[in-house]
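Breakdown of the fold
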Amino acid sequence: MHYLEETRPQRPLLPQDVHKRAKVREICEVVASGIQPLQNLIVLIHVGEEKKKEWAQHWITRGFRAIEKLLSTSAGKFCVGDEITMADCCLVPQVFNARRFHVDLRPYPIILRIDRELESHPAFRAAHPSNQPDCPPEAAK
């Protein structure tokens, strides 16, 4: 994402305002450090088939509680205000994973609202896993 930010300045993923940029980075860091790495394939293999759903649900729920709290003070139409940022790019795949692992998303109304807003955006639709050429048929929905 930083590469995109640096090479495509006409479509910034970080706000100009320093405080909003810090909030975007904070949300991204919760995902990048507190949720996503704990769902990597090698981690799930180590946890084992019988425990991986419980494991993923625990870490997603823990991270989403933190993100929902952050969003309560930063969200507009999207995660931080009304422009799409890196935070939105990090959040959407985690909502996908939450659904994959059957996490109850009802306690996260702001996350759900933002995800609904972004699901119709052309860039997010094109990036959806089911729209990728290597998506297995059983995963496409």
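Quick look at the structure, then. Everything numeric here is computed off the predicted structure, so don't read it as measured data.

1. Description of the overall build of the protein
When helices and strands are counted, the protein shows 7 helices and 0 strands. Along the protein, from the amino end to the carboxyl end, the secondary structure elements read α-α-α-α-α-α-α. What you see for the protein is a C-alpha radius of gyration of 15 Å, in line with the 14 Å of a compact globule of 141 residues. Taken over the C-alpha atoms alone, the protein extends approximately 45 × 35 × 25 Å along its principal axes. Looking at the protein residue by residue over its 141 residues, the buried ones come to 35%. For the protein, contacts bridging at least 24 residues in sequence account for 68% of all contacts bridging at least 6. For the protein, the accessible area works out to roughly 9,000 Å², and carbon and sulfur atoms hold 56% of it. Within the protein, the 18 negative side-chain charges are centred at a point lying 3 Å from the centre of the 20 positive side-chain charges.

2. Digging into the packing of aromatic side chains
Think of a pair of aromatic rings as described by two things: how far the centres are apart, and how the planes are tilted against each other in angle. Applying the stated criterion across every chain, the model contains 2 aromatic pairs. Note on Phe64 and Tyr108: the rings are 5.6 Å apart at their centroids and 80 degrees apart in plane angle, and the pair reads as edge-to-face. Linking Phe64 in helix 4 (residues 52-74) with Tyr108 in the loop between helix 5 (86-100) and helix 6 (109-119), this pair joins segments that are 44 residues apart in sequence. In terms of burial, Phe64 and Tyr108 fall into one category: buried.

3. A few points about the packing of helix 2 (residues 18-35) against helix 4
Put simply, helix 2 and helix 4 touch, their axes get as near as 10 Å, and they point 175 degrees apart. Here helix 4 runs roughly antiparallel to helix 2, going by the angle between their axes. Where helix 2 approaches helix 4, its residues Lys23, Glu26, Ile27, Val30, Val31, Gly34 and Ile35 are matched on the opposing element by Trp59, Ile60, Gly63, Phe64, Ala66, Ile67, Leu70, Leu71, Thr73 and Ser74. Here the contact of helix 2 with helix 4 is built from residues that sort into 11 nonpolar, 4 polar and 2 charged.

4. Structural notes on the nonpolar core
Judged by nonpolar contacts, the single largest core of 35 residues is most densely connected at Phe64 and Ile67. Of all the secondary-structure elements, those providing two or more residues to this core are helix 2, helix 4, helix 5 and helix 6. The biggest single contributor to this core is helix 5, with 7 residues. With near-sequence residues (within four places) excluded, Ile67 lies in contact with Ile27, Val30, Val31, Ile35, Leu91 and Ile111.

5. Re unusual backbone geometry
Positive phi, normally seen in glycine, also occurs at His102, with a value near 55 degrees. Assignment of secondary structure puts His102 in the loop between helix 5 and helix 6.

6. A short note on the pattern of salt bridges
The full count for this structure, using the stated rule, is 6 salt bridges. The partner of Glu26 in a salt bridge is Lys23, with the nearest N and O atoms 3.2 Å apart. In this pair, Glu26 and Lys23 are both assigned in helix 2, 3 residues apart and thus about one turn of the helix distant. Across the pair Arg106 and Asp104 runs a salt bridge, and its minimum N-O distance is 2.9 Å. Exposure remark for Asp104: the relative accessible area of 39% places this residue in the partly exposed category.

7. Some points on the side chain of Gln94
Relative to the elements of secondary structure, Gln94 occurs in helix 5. Overall, Gln94 belongs to the buried group, its relative accessible area being 3%.

Analysis parameters
- Throughout this description, residue numbers start from 1 for each chain and increase along the sequence as written.
- With the structure being a predicted model, the display of local features is reserved for residues of pLDDT at least 70 and the display and counting of side-chain atom pairs for 80 or more, all residues being used for whole-chain, interface and lining totals.
- For side-chain calculations, the full set of non-hydrogen atoms in the structure is used, while hydrogens and water are omitted.
- Strands here mean DSSP runs of E at least two residues long; helices mean DSSP runs of H or I at least four residues long; both are numbered from the N terminus.
- The quantity called the radius of gyration is restricted to C-alpha atoms. Its globule counterpart is 2.2 Å times the number of residues to the power 0.38.
- When accessible area is computed with a 1.4 Å probe and restricted to protein chains, residues below 20% of their type maximum are described as buried, those above 50% as exposed, and intermediate ones as partly exposed.
- Should any heavy atoms of two residues lie within 4.5 Å, those residues are counted as being in contact.
- What sets the accessible areas is the Shrake-Rupley method with a 1.4 Å probe; for residues, cover comes only from the shown protein chains.
- Positive charges come from Lys and Arg alone, negative charges from Asp and Glu alone, with His and the N- and C-terminal ends not counted.
- A charge is said to be at NZ when it belongs to Lys, at CZ for Arg, at CG for Asp and at CD for Glu.
- Here is the rule: rings of Phe, Tyr and Trp (six-membered ring for Trp) pair when centre to centre is within 6.5 Å. Planes less than 30 degrees apart are stacked, more than 60 are edge-to-face, and the remainder are tilted.
- Here an axis means a line fitted to C-alpha atoms, over the contact stretch when the element is a helix, while the angle between two N-to-C directions is reported on a 0 to 180 degree scale.
- Each angle is binned into one of four classes, with values under 35 degrees roughly parallel, values over 145 roughly antiparallel, values of 65 to 115 roughly perpendicular, and all other values oblique.
- Three classes are used: nonpolar for Ala, Val, Leu, Ile, Met, Phe, Trp, Tyr, Cys and Pro, charged for Asp, Glu, Lys and Arg, and polar for all others, with Gly counted as polar.
- Here the nonpolar core consists of buried residues drawn from Ala, Val, Leu, Ile, Met, Phe, Trp, Tyr and Cys, with membership extended through side-chain atoms lying within 4.5 Å.
- One side-chain nitrogen of Lys or Arg within 4 Å of one carboxyl oxygen of Asp or Glu is enough to make a salt bridge.

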